Amino acid sequence: LNRPRPVVLMHGILSSQFHMNDVTDWLIDSLPGVYVKQIEIGDGARDSIEKNMTWQVEQFNRVVRLDPSLRGGFDLIGSS
């Protein structure tokens, strides 16, 4: 049985990973066995406006690379 491709969720500006909980629940209900990773960059809402985009992308990259469940690829859903 093939498992669904992992899904990474990234919140938008002035938000945090917790605002993606409904999407996480929907994905888990819709795709049994899916691995869902909500990524928080820094402290969320504050760093989403205070840190430059290069820093935010580097943090995102670090989190993804450290997660062995994402090494085979993933789908990304971003909210902004």
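What you see is a predicted model; the values in this text were computed from it and never measured.

Here we look at the packing of aromatic side chains
Tallied over the full model, the rule gives 0 aromatic pairs. Between the NZ or CZ atom of Lys-51 and the centre of the ring of Trp-55, over which it lies, the distance is 4.9 Å.

Some remarks on the sheet that holds strand S2 (residues 36-39)
Taken together, the 3 strands give an open sheet; going across it, the order is S2-S1-S3, and neighbouring strands pair in parallel fashion. Among the strands making up the open sheet, the edge pair consists of S2 and strand S3 (75-78). Looking at each pair of strands side by side, their axes are set apart by 20° on average, direction ignored. Lying on the sheet, helix H1 (residues 21-30) is in contact with strand S1 (7-10), S2 and S3; it crosses S2 at an angle near 170°. Lying on the sheet, helix H3 (residues 53-66) is in contact with S1, S2 and S3; it crosses S2 at an angle near 150°.

Remarks on the pattern of salt bridges
Within the structure shown, the criterion is met by 2 salt bridges. For Asp-75, the salt bridge identified is with Arg-5, shortest N-O distance 3.1 Å. With Asp-75 in strand S3 and Arg-5 in the segment before S1, this pair connects stretches of sequence that are 70 residues apart. Residue Asp-75 is classed as partly exposed on the basis of its relative accessible area of 38%. Among the residues examined, Arg-5 registers a relative accessible area of 44% and is labelled partly exposed. Among the ionic pairs, Lys-37 bridges to Asp-67, the shortest N-O distance being 3.4 Å. Separated by 30 residues along the polypeptide, Lys-37 in strand S2 and Asp-67 in the loop between H3 and S3 bring together distant segments of the chain. On the basis of relative accessible area, Asp-67 is assigned to the buried category, the value being 6%.

Rules behind the numbers
Residues numbered from 1 in each chain as written. Predicted model: local features only at pLDDT ≥ 70, side-chain atom pairs only at ≥ 80, totals over all residues. Heavy atoms only, no water. Phe/Tyr/Trp six-rings, centres within 6.5 Å; stacked < 30°, edge-to-face > 60°. Lys NZ or Arg CZ within 6 Å of the ring centre and 35° of its normal. Pairing = 2+ DSSP bridges. Helix = DSSP H or I, 4+ residues; strand = E, 2+ residues; numbered from the N terminus. Axes fitted to C-alpha atoms, helices over the stretch in contact; angles between N-to-C directions. Contact = heavy atoms within 4.5 Å. Salt bridge = Lys/Arg side-chain N within 4 Å of Asp/Glu carboxyl O. Buried < 20%, exposed > 50% of the residue type's maximum accessible area, 1.4 Å probe, protein only.

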